[in-house]
Amino acid sequence: KKKKKSKKKEEAAGGSAQASSSKHVDTQGDDSSGDERTAYEKKWDEQVKKVDLKQAKVSAEKSHRDRVNDFNEKLSKLSEHYDLPRVAGGG
């Protein structure tokens, strides 16, 4: 009994699958790919990707040690005006 029911279900599903596959073929011909963004949004995303790739290349060129050395050099060039004054311990 179970086999007969499954055959009937397969036949029914097969007929609807063929109909849906023909519909799917029709929708592939449309120019819209489901992307609802505007042209400006797409251009913005491309620019963001370019900037991210550029930053990734720059950061990949230097090792951690090089970045730390550069940062230490930058700090050594700054004035010490913003350093906290030493407070004498009175007791």
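The residue count restarts for each chain, going from 1 along the sequence in the order it is written. Totals for whole chains, interfaces and linings use all residues, but because this is a predicted model, local features are given only for residues with pLDDT of at least 70 and pairs of side-chain atoms are given and counted only at 80 or more. Side-chain calculation: all heavy atoms of the structure are included, whereas hydrogens and water are not.

Colleague: Describe the pattern of salt bridges, listing the residues and the values that go with them.
Modeller: Criterion for a salt bridge: a side-chain nitrogen of Lys or Arg within 4 Å of a carboxyl oxygen of Asp or Glu. A complete count under the given rule lists 3 salt bridges for this structure. Taking the shortest distance from any N to any O, the salt bridge between Arg37 and Asp35 comes out at 3.0 Å. According to the relative accessible area criterion, Arg37 is partly exposed, its value standing at 35%. In this structure, the salt-bridge partner of Asp45 is Arg37, at a minimum N-O distance of 2.1 Å. Exposure is judged per residue with a 1.4 Å probe applied to protein chains only, and the accessible area is read against the type maximum: over 50% gives exposed, under 20% gives buried, and values in between give partly exposed. On the basis of relative accessibility, which here comes to 29%, the residue Asp45 falls in the partly exposed class. Where salt bridges share partners, they join Asp35, Arg37 and Asp45 into one cluster.

Colleague: Give a detailed account of the confidence of the model for the protein, specifying residues and quantitative values.
Modeller: For every residue, the predictor states its confidence as a pLDDT score lying anywhere from 0 to 100. Per-residue confidence for the protein averages 74 on the pLDDT scale, and 55% of its residues sit at or above 70. Only DSSP runs of H or I reaching four residues or more are called helices, and only runs of E reaching two or more are called strands; each is numbered from the N terminus. For the protein, the element scoring lowest by mean pLDDT is helix α1 (residues 2-28), at 53; helix α2 (residues 39-61) scores highest, at 93. Residues count as neighbours in contact if any of their non-hydrogen atoms are within 4.5 Å of one another. Every residue in residues 26-30 is under pLDDT 50, and counting partners more than four places away or in other chains gives 0 contacts.

Colleague: Before we move on, can you summarise a nonpolar patch on the surface with the specific residues and values?
Modeller: Patches here: salt-bridge-free residues with over 30% relative accessible area, like charges joined within 9 Å, nonpolar side chains (Val, Leu, Ile, Met, Phe, Trp, Tyr) joined within 5 Å. Here the open area of atoms and residues is found with the Shrake-Rupley method and a 1.4 Å probe, where only the protein chains shown may cover a residue. Together, Tyr40, Trp44 and Val48 give the surface a local cluster of nonpolar side chains, amounting to about 360 Å² of exposed area. Inspection of the secondary structure assignment puts Tyr40 in helix α2. Tyr40 gets classed as exposed once you look at its relative accessible area, which sits at 60%.

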